[in-house]
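# Results of the structural survey
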Amino acid sequence: MTHWLCVLVQTPAHASLGSVLSYRSEALLAPGTLVRVPLGKRETLGVVWDGDSAQATGELDPGKIKAIAGALDGIAPLSTAWQQLIGFTAQYYQRSLGEVALAALPPQLRELSPEQMQRRLKRGKLAQAKAVIGTGEGPNGGPLAIPALTPEQTAVVAQINNHPGPFLLFGATGSGKTEVYLNSVQTLLAGDPEAQALVMVPEINLTPQLEARFKERFTPLYGEDAVVSLHSGMTNPQRLKSWLAAHSGSARIVLGTRMAVFASMPRLRLIVVDEEHDPSYKSSEGARYSARDLAVYRGKLEGAKVLLGSATPSLESWHHSRPALEGGRYLRLHMPSRIGTQPDAASARSEQERTRAAAGTPAGLPLVRRVDMNHQHRNAVFSIPLLEAIKERVLRGEQCMVFLNRRGYAPVLHCADCGWKSECPHCSAFRVFHKIDRTLRCHHCGFTERVPRACPTCGNPDIAPLGRGTERLEEHLAELLADVRRPNSISAEFPEGEPIRVARIDADTTRLKGELESQLAAVHAGDVDVLVGTQMIAKGHDFRRITLVAAVNPDGALFSSDFRAPERLFSLLMQATGRAGRDAKLGAGSEMWIQTFQPAHPLYAALKRHDYPAFATAQLLEREQASLPPFSAQALVRAEARTQEVAQAFLNAARAAANTDMALWEGWTDVLAQVTLYPAVPMSIQRVANIERAQMLIESPSRAALQRFLSGWQSVLHATRQGPEGKGLIRWAIDVDPLAI
Ligand SMILES: [Zn+2]
Ligand SMILES: [Zn+2]
């Protein structure tokens, strides 16, 4: 008997075909079944979808409907909950179902024929049969070493076990959040032989550390296949293998980056989102989803507990975790102390600690020092007291970390005679000077050229770097510390002692695979005295011997036009602070230095007290007064064209149509009254790779009204694209809950 199926496929963006097509099949296939279907001249992967929830937009003439090529037997249909997650994502983020569904599946599923898939599955089953089953023993046959929980961890774990959640775990850096995750996962798996847990981290760089800890804990209990990873740094075969293990239920724990939120896990019971505030959870292409927000939705959908963790939660999550009586929806859990510094561990307080307490520094956390750069030598990069402090630490055999959020040698080269600057010919941005290979590189479009010998405009041979990036900072610091010798380093080779070692970690020094790992290993081994880098080094890494962290020039974000800039700065500085004094023995003397022209700024004052709640309260008050998120909902529409006029004209035409055409739609007056559309403006980096970019902000006090508006406005945007104002437009896209405006 012939059945008609709705099948999701990936069609080119904005193709008139739509992404839900009709096919014939002799067998009745359940929604969620993976199939191969003909599409034009090729064959592609599709997902059978419930005909009631998706309207097929393809050819409906029965004579023309093609038959599916085959089903991927051996792979169970994707669950109803997974289908709902995809449906919600597509609707909320205003993308097509097919695009979201297919992007959520491992790329190799698209490439393999049903026969190749069969072979792959068979091999997987064989390997699984041979896999070592957990014995419950430690690495050498001894008992499994599980660290005892601190009183704070114990209290938090009890709350997680006794409440449905979602939870916001607000824990200081070094307070042992990871142990709470491990413990919660362990309790879950022990209580349910099929339960699965999903643990997400923001960056690929952080996955090896996390994977090692989870494998150490769970491989002995559940075998070597129990823990799998899912992130974009894996090869396609590796990703498929992890995905299949999660989908079949044989993997009990999936660790991954934002893409892992779509992992098919039939018995998902716990989702952990570590560093939940991190902007990397928001996708910046395709469907611009927030994996953190989807995790909360998915937890509710599947009855899984959701645990968000951070030392500096996003203001959204902080707001959601206010007391339930005030409307809060998350349960806030607090772990304020660093491990090893909780009251029961600190028997006697040193004089040093009493001084720090007097300065308002909580026990065990680094002392924050602000250096007023108004009183330093003009153009000084390092203030004298900071330089002295670094020398002192290095002479004691401790490590220092200096960070600056700008890579390269200098952000711009310039000619003092005629005013020429190293602009990118294709972008509205300067090309950055990289001294190491003497290039000018555009960080937006990648355009790279050798540094000219003389000014291209006036021929002046004396063109000079302006400002500084990490590469120049590293060079400058090495010069300033040239006379300092490493302690106890006198040898035949170095009769006066070894010079100190300054190293740099940023996107430029870690381009090749394995470079980051080897550089981190050098820091851990003590082969580096001062580490210079971008925010890459401020995040997550567990440097035990760093006792001084310095931010040399963080002021920029205080005066940014982006209302989220202070939140990001505070979080970055708190995280950087968290890198200092991880080793409890050295922790008491650790310091965070901030060089600033605004020493009295409330953000730095709150940072000095390590007082995130005070910072958050002040910021939320400002946001409420200005009706900004989380007190309103926002969306951006971005448009790209060869000229700025075309990009803006398209947006403004769609805006005008919202006010004229949509106002005539029956029942839409209410929705329209709650939504504000601002005029189109150029994006902050207006031109990238010769493409002009414009954006339009849409705002509403009601998330539901904004959602309703966007779903209706989609058709207006599509119609405008086809009309005269769409002429010359390259593309447009909606970004719901944008992170950067
Ligand atoms: Zn010149
Ligand atoms: Zn460029």
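Reference entry: report on the structure contained in this document. Treat the numbers as computed from the prediction; the structure is a model and nothing was measured.

### Details of the overall build of the protein chain
For the protein chain, the count of helices and strands is 22 helices and 28 strands. Taking 2.2 N^0.38 as the reference for a compact globule, 741 residues should give roughly 27 Å; the C-alpha atoms of the protein chain span a radius of gyration of 28 Å, in line with that estimate. Its C-alpha atoms give the protein chain principal-axis dimensions of roughly 90 × 75 × 55 Å. Burial analysis of the protein chain (741 residues in total) assigns 53% to the buried set. About 33,200 Å² of surface is accessible on the protein chain, with carbon and sulfur atoms providing 53% of the total.

### Focus: the packing of aromatic side chains
The geometry of two aromatic rings is summed up by the distance between their centres and the angle between their planes. What the rule picks out here adds up to 15 aromatic pairs. The interplanar angle of 20° and the centroid separation of 5.5 Å between the aromatic rings of phenylalanine 88 and tyrosine 92 together place this pair among those described as stacked. Here phenylalanine 88 and its partner tyrosine 92 are both found in helix 1 (residues 80–92), four residues apart, which amounts to about one turn of the helix. Looking at phenylalanine 88, the relative accessible area reads 24%, which means it is partly exposed. On the basis of relative accessible area, tyrosine 92 is assigned to the buried category, the value being 12%. With centroids separated by 4.8 Å and ring planes inclined at 75°, the aromatic side chains of tyrosine 92 and tyrosine 93 adopt a geometry described as edge-to-face. A single burial state applies to tyrosine 92 and to tyrosine 93, both of which are buried. One aromatic cluster is present, formed by Phe170, Trp318, Phe570, Tyr612 and Phe615 through successive ring pairs. The lysine or arginine in question, arginine 252, covers the ring of tyrosine 222, its NZ or CZ lying 5.1 Å from the ring centre. For arginine 708, the ring lying beneath its charged end belongs to tryptophan 668, and the centroid distance is 4.6 Å.

### Digging into the coordination of the zinc ion (ligand 2)
Six octahedral donors around a metal ideally sit at 90 or 180 degrees from one another, while four tetrahedral donors ideally sit at 109.5 degrees. Protein coordination of the zinc ion (ligand 2) is provided by Cys424 (SG), Cys427 (SG), Cys442 (SG) and Cys445 (SG), with donor distances spanning 2.2 to 2.4 Å. One can describe the site at the zinc ion (ligand 2) as tetrahedral: its four donor atoms subtend angles covering 106 to 112° at the metal. Counting along the primary sequence, the residues that act as donors to the zinc ion (ligand 2) give the motif C-x2-C-x14-C-x2-C. Taking relative accessible area as the criterion, cysteine 442 reaches 3% and is therefore assigned buried.

### Quick look at the sheet that holds strand 3 (residues 34–39)
Whether parallel or antiparallel, the strands of a sheet pair through hydrogen bonds between backbone atoms. Read across the sheet, five strands follow the order 2-1-4-3-5 without closing on themselves; strand pairing throughout is antiparallel. Every other strand in the sheet has two partners, leaving strand 2 (20–25) and strand 5 (70–71) as the edge strands with one partner each. Relative to strand 4 (residues 42–49), strand 3 is paired through six bridges, and the arrangement is antiparallel. The partner of arginine 36 across the bridge, within strand 4, is leucine 45.

### Regarding the environment of aspartate 555
In this fold, aspartate 555 is placed in the loop between strand 22 (546–551) and helix 16 (565–577). When neighbours within four sequence positions are excluded, aspartate 555 is seen to be in contact with Gln595, Thr596, Phe597, Gln598 and Tyr604. Among the polar contacts listed, one links the side chain of aspartate 555 to the backbone nitrogen of phenylalanine 597, at a separation of 2.7 Å.

### With respect to the side chain of serine 632
Structurally, serine 632 can be placed in the loop between helix 19 (612–625) and strand 24 (633–641). Within the local environment of serine 632, its side chain forms a polar contact with the backbone oxygen of serine 627, the two atoms lying 2.9 Å apart. Sequence-distant contacts of serine 632, defined by excluding residues within four places in its chain, comprise Ser627, Glu699, Ser700, Pro701 and Arg703.

### Quick word on the nonpolar core
The nonpolar side chains of soluble globular proteins are, as a tendency, buried together. Of all hydrophobic cores here, the largest spans 124 residues; its most connected members are Phe709 and Trp713. Among residues more than four places away in sequence, those in contact with tryptophan 713 are Val637, Ala654, Arg655, Ala658, Met662, Leu677, Met696 and Ile698. In terms of nonpolar packing, the next biggest core, distinct from the first, is built from 27 residues, Phe167, Ala195, Ala197 and Val201 among them.

### Topic: the coordination of the zinc ion (ligand 1)
Surrounding the zinc ion (ligand 1) are the protein donor atoms Cys415 (SG), Cys418 (SG), Cys455 (SG) and Cys458 (SG), at 2.2 to 2.4 Å. Viewed at the metal, the four donor atoms of the zinc ion (ligand 1) are separated by angles of 105 to 113°, and the geometry they form is tetrahedral. Positions of the donor residues of the zinc ion (ligand 1) along the chain correspond to the pattern C-x2-C-x36-C-x2-C. One end of the pair, cysteine 418, is in the loop between strand 15 (412–415) and strand 16 (432–434); the other, cysteine 458, is in the loop between strand 18 (448–450) and strand 19 (463–466), and 40 residues separate them in sequence.

Cut-offs applied
Each chain carries its own residue numbering, running from 1 in the direction its sequence is written. Written order decides the labels, with chains lettered from A and ligands numbered from 1. Per-residue local features of the predicted model are confined to residues with pLDDT of at least 70, and side-chain atom pairs are confined, for both listing and counting, to 80 or more; whole-chain, interface and lining totals are unaffected and use all residues. Side-chain measures were taken over the full set of non-hydrogen atoms in the model, leaving aside hydrogen atoms and water. The way it works is that DSSP assigns letters per residue, a run of H or I at least four long becomes a helix, a run of E at least two long becomes a strand, and they are numbered from the N terminus. We compute the radius of gyration over the C-alpha atoms and compare it with the globule rule, which gives 2.2 Å times the number of residues raised to the power 0.38. Only protein chains enter the calculation, and the probe is 1.4 Å; a residue is then buried if its accessible area is under 20% of its type maximum, exposed if over 50%, and partly exposed in between. Calculation of accessible area relied on Shrake-Rupley with a 1.4 Å probe; when residues are assessed, cover is drawn exclusively from the protein chains displayed. Any two of the Phe, Tyr and Trp rings considered here, Trp counted by its six-membered ring, make a pair once their centres fall within 6.5 Å; the pair's planes then place it as stacked at under 30 degrees, edge-to-face at over 60, or tilted in between. Definition used: whenever NZ (Lys) or CZ (Arg) falls within 6 Å of the ring centre and also within 35 degrees of the ring normal, the charge is taken to sit over that ring. As a rule, N, O and S atoms within 2.8 Å of a metal are its donors, except that Na, K and Ca use 3.2 Å; water is not among the atoms, so sites may look incomplete. In short, tetrahedral needs four donors with all angles between 85 and 135 degrees, square planar needs four and octahedral six donors with opposite donors over 155 degrees apart and all other angles between 65 and 115, and whatever is left is irregular. Criterion used throughout: strands pair if DSSP finds at least two bridges between them. By definition in these notes, contact holds between two residues if any of their heavy atoms fall within 4.5 Å. Between N or O atoms, a polar contact is any pair within 3.5 Å; within protein, one atom must be a potential hydrogen donor and the other a potential acceptor, and residues adjacent in sequence are included only when both atoms are from side chains. The criterion is simple. A nonpolar core is a set of buried Ala, Val, Leu, Ile, Met, Phe, Trp, Tyr and Cys residues joined through side-chain atoms within 4.5 Å.

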